[in-house]
Amino acid sequence: MQLLEYQLESESNLCFFEARIVVSAENEVMAVIRDITDRKRAEDDIRTALTKERELNELKSRFVAMTSHEFRTPLATILSSAELLEHYGHKWDDTRKLKHLKQIQQSVEHMTGLLNDVLLLGKAESGNLAFKPIHMHLTDFCRGLVEELQITTNTHEIVCQLQEQTTELHMDEKLLRHIFTNLLSNAIKYSPQGGRIDFGLAFENDYAIFNVQDHGLGIPQTECDRVFNSFNRASNVGNISGTGLGLAIVKRSVDLHGGEISLTSQEKVGTTFTVRLPVGGINGIGENKFQMTFQPLA
């Protein structure tokens with residue numbers, strides 16, 4: 001007996017059949033044919049479920065590894081500062097007490113930020129991250145965001161080339177903040193030697209096109225296609241802290257805008273992220289560009 005499986009397309013549906021063929025007599029063949037479409041679809045469903053379960057288990061493992069690593073340092077700081085205040089606080093002056101209280105506050109803020117990133121990504125994955133566009137002036141938004149981030153570093157200078165616009169656009173300011181705070185913060189973080197970071201904005205064919213370029217560690221070529229996966233971090237980051245959530249949040253935020261994000265990178269040379277967001281055919285975009293350099297603090 002021979003057992004064969006084959007497929008036939010019927011009314012745009014793919015059906016599966018099983019044929020059992022046997023020589024039943026001289027010059028005679030008997031075939032039994034069964035429709036196994038339901039079984040095949042059930043097998044596909046099971047394989048898909050198993051794949052998703054493996055992905056979920058891997059995600060859980062990476063989440064546990066990230067949280068255990070990233071929470072250990074701030075928790076240790078909180079514990080040590082609290083114990084020092086408990087045992088020696090009565091001997092210290094107010095300045096020294098304040099120093100340890102600030103360390104506790106900063107550690108709590110760091111942990112809160114990590115939890116907020118996890119919750120935000122959870123909302124995005126479950127489809128509960130809302131897209132709420134408002135009237136906004138994109139060039140002013142970019143300028144203000146860069147000013148905020150420049151204050152956080154005294155070893156980098158952020159150079160902006162922003163094309164001016166004359167009308168407001170409809171975009172989600174909160175999602176834009178997630179996108180470019182993460183991209184610019186990463187450019188600063190992964191350029192440990194300091195230096196220049198370029199941030200550009202231009203308008204072309206009803207799209208706002210952003211570029212964030214650094215001259216830091218770069219990303220290995222074999223890992224570029226995984227940078228937007230949750231809890232993924234490049235193999236060359238060394239001891240630089242991070243959760244691997246920032247770029248995943250960036251990708252979800254870009255998707256909600258109906259946009260695209262791409263990157264080019266070379267190890268030890270730097271990385272450039274390009275974000276294209278639709279602006280809906282808004283008129284009144286100016287042709288002039290201006291350059292701004294945000295100098296690091298002395």
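Residues numbered from 1 in each chain as written. Predicted model: local features only at pLDDT ≥ 70, side-chain atom pairs only at ≥ 80, totals over all residues. Heavy atoms only, no water.

Looking now at helix H5 (residues 246–256). Burial of H5 is extensive: eight of the 11 residues sit out of reach of the surface. Listed as buried for H5 are Gly246, Leu247, Ala248, Ile249, Val250, Arg252, Ser253 and Val254. One or two steps after H5, the chain reaches glycine 258, where phi turns positive at roughly 75°. (Buried < 20%, exposed > 50% of the residue type's maximum accessible area, 1.4 Å probe, protein only. Helix = DSSP H or I, 4+ residues; strand = E, 2+ residues; numbered from the N terminus.)

Scanning the entire structure with this criterion turns up five aromatic pairs. Relative to phenylalanine 199, the ring of phenylalanine 180 lies with its centre 5.7 Å away and its plane at 50°, an arrangement referred to as tilted. Of this pair, phenylalanine 180 sits in helix H4 (residues 173–189) while phenylalanine 199 sits in strand E7 (residues 195–204), and the two are 19 residues apart along the sequence. Judged on exposure class, the residue phenylalanine 180 and its partner phenylalanine 199 are both buried. Taking the centre distance of 6.4 Å and the plane angle of 70° together, the rings of phenylalanine 228 and phenylalanine 273 count as edge-to-face. With phenylalanine 228 in the loop between strand E8 (207–213) and H5 and phenylalanine 273 in strand E10 (residues 270–278), this residue pair connects regions lying 45 residues apart in the sequence. Lying over the aromatic face of tyrosine 207, arginine 276 brings its terminal NZ or CZ to 4.4 Å of the ring centre. (Phe/Tyr/Trp six-rings, centres within 6.5 Å; stacked < 30°, edge-to-face > 60°. Lys NZ or Arg CZ within 6 Å of the ring centre and 35° of its normal.)

At a closest axis distance of 9 Å, the pairing of H4 and H5 adopts a crossing angle of 145°. In the packing of H4 onto H5, the handedness of the crossing is left-handed. Along the contact surface, H4 presents Leu175, His178, Ile179, Asn182, Leu183 and Asn186, while H5 presents Gly246, Leu247, Ile249, Val250, Ser253, Val254 and Leu256. In terms of residue class, the contact of H4 with H5 is built from eight nonpolar, five polar and no charged. (Axes fitted to C-alpha atoms, helices over the stretch in contact; angles between N-to-C directions. Left-handed = near helix turned anticlockwise from the far one by under 90°. Contact = heavy atoms within 4.5 Å. Nonpolar A, V, L, I, M, F, W, Y, C, P; charged D, E, K, R; others polar.)

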